[in-house]
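Letter by letter, the chains look like this.
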Amino acid sequence: MKVFAEFFIEDGKEYRRTTLLQFGESIDLIGSAVLMNPGSAKAFGDPDEAFLSSFFSKTHNCEIDLSKWKAFSSDATMGRVEKIFNGWYIQNSSPIKLNGVIQLFNCFYYKDQEYSRALKNFDSNTNYRFNEYQYLKDKPVYLGWGGAGKNELKQIAFEIFSKIDKSINPIYDSDFNKNRFYHPSYINRAYKREKTQNLLIDFFQLLVP
């Protein structure tokens with residue numbers, strides 16, 4: 001996995017916005033995930049500018065400001081996102097080899113692996129909350145904001161849920177409150193449970209019909 005992300009520091013606070021997880025050499029979009037807030041991954045250097053330019057040009061027909069991007073280390077949550085997308089958590093099956101890009105977003109972008117600390121820096125009016133609707137293309141979207149999406153982050157989570165293309169994501173009930181938005185960390189603990197397996201299988205089938 002290679003990781004590249006928009007990275008900002010303002011008033012001593014770190015923010016990580018749009019994040020790309022690249023597998024193999026392909027620049028094709030596999031799908032997207034929307035979680036809570038960025039965690040422990042660290043910026044460590046310059047990104048692959050050729051990859052970024054090619055990806056955004058081909059997938060989104062746009063150019064980006066490359067000066068705002070950094071190469072990042074991966075973290076545990078990213079590894080769990082990979083396992084959701086490649087089918088690792090599905091029992092009695094073998095994971096597939098991913099070749100392409102997963103877009104990783106969050107409800108808000110203050111970077112702290114401890115959610116309770118991150119929440120203290122949450123501002124519903126900040127520019128550093130999800131607004132990348134133009135990037136949710138005709139590929140599946142995994143919504144994994146956990147219980148926070150029905151509580152502290154409900155305003156943002158509901159807005160995202162209401163705007164995703166349900167024809168591309170038919171696994172979600174039209175009633176927001178009837179859905180299970182399991183965070184990858186919960187998946188990692190509870191993937192053998194029947195309800196979790198059902199969600200994982202339903203989502204995986206969107207990727208590999």
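For the structure itself, consult the block above.
Not measured: the values here are computed from a predicted model.

Conventions we followed
- Residues numbered from 1 in each chain as written.
- Predicted model: local features only at pLDDT ≥ 70, side-chain atom pairs only at ≥ 80, totals over all residues.
- Heavy atoms only, no water.
- Phe/Tyr/Trp six-rings, centres within 6.5 Å; stacked < 30°, edge-to-face > 60°.
- Helix = DSSP H or I, 4+ residues; strand = E, 2+ residues; numbered from the N terminus.
- Buried < 20%, exposed > 50% of the residue type's maximum accessible area, 1.4 Å probe, protein only.
- Lys NZ or Arg CZ within 6 Å of the ring centre and 35° of its normal.
- 1 Å grid on protein atoms, 1.4 Å probe; cavity = no way out; pocket = protein on both sides within 12 Å on 5 of 7 lines; lining within 4 Å.
- Points joined across faces, edges and corners; volume = space filled by probe spheres on them.

Note on aromatic pairs: each is described by the distance of the centres and the angle between the planes. Taken as a whole and judged by the stated rule, the model has 25 aromatic pairs. Where Y15 meets Y128, the ring centres are 4.3 Å apart and the plane angle is 25°; that geometry is what we call stacked. Of this pair, Y15 sits in strand β2 (residues 13–23) while Y128 sits in the loop between α3 (115–120) and β7 (141–143), placing them 113 residues apart in sequence. Judged by its relative accessible area of 10%, Y15 is buried. When its relative accessible area of 11% is taken as the criterion, Y128 is described as buried. Seen from their ring centres, F161 and F176 are 5.3 Å apart, and the 75° between their planes marks the pair as edge-to-face. Taken together, the residues F161 in helix α4 (residues 154–163) and F176 in the loop between α4 and α5 (184–190) connect sequence positions 15 residues apart. On the basis of relative accessible area, F161 is assigned to the buried category, the value being 2%. What makes F176 buried here is its relative accessible area of 2%. Ring-pair connections join several aromatic residues into one group, and the members of that group are F4, F51, F55, F56, W69 and Y135. The positively charged end of K163 is found above the aromatic ring belonging to Y133, 4.4 Å away from the centroid. The ring of F161 is capped by K166, whose NZ or CZ atom sits 4.3 Å from the centre of that ring.

Turning our attention to the layout of surface pockets. Estimates place the volume of the largest pocket at around 390 Å³. G39, T77, Q113, H183 and S185 are the residues nearest the centre of the largest pocket, which is lined by 23 residues in total. Elements supplying a minimum of two residues to the lining of the largest pocket: α2 (76–86), β6 (100–106), α3 and α5. In terms of residue count, α2 provides more of the lining of the largest pocket than any other element does, four residues in total.

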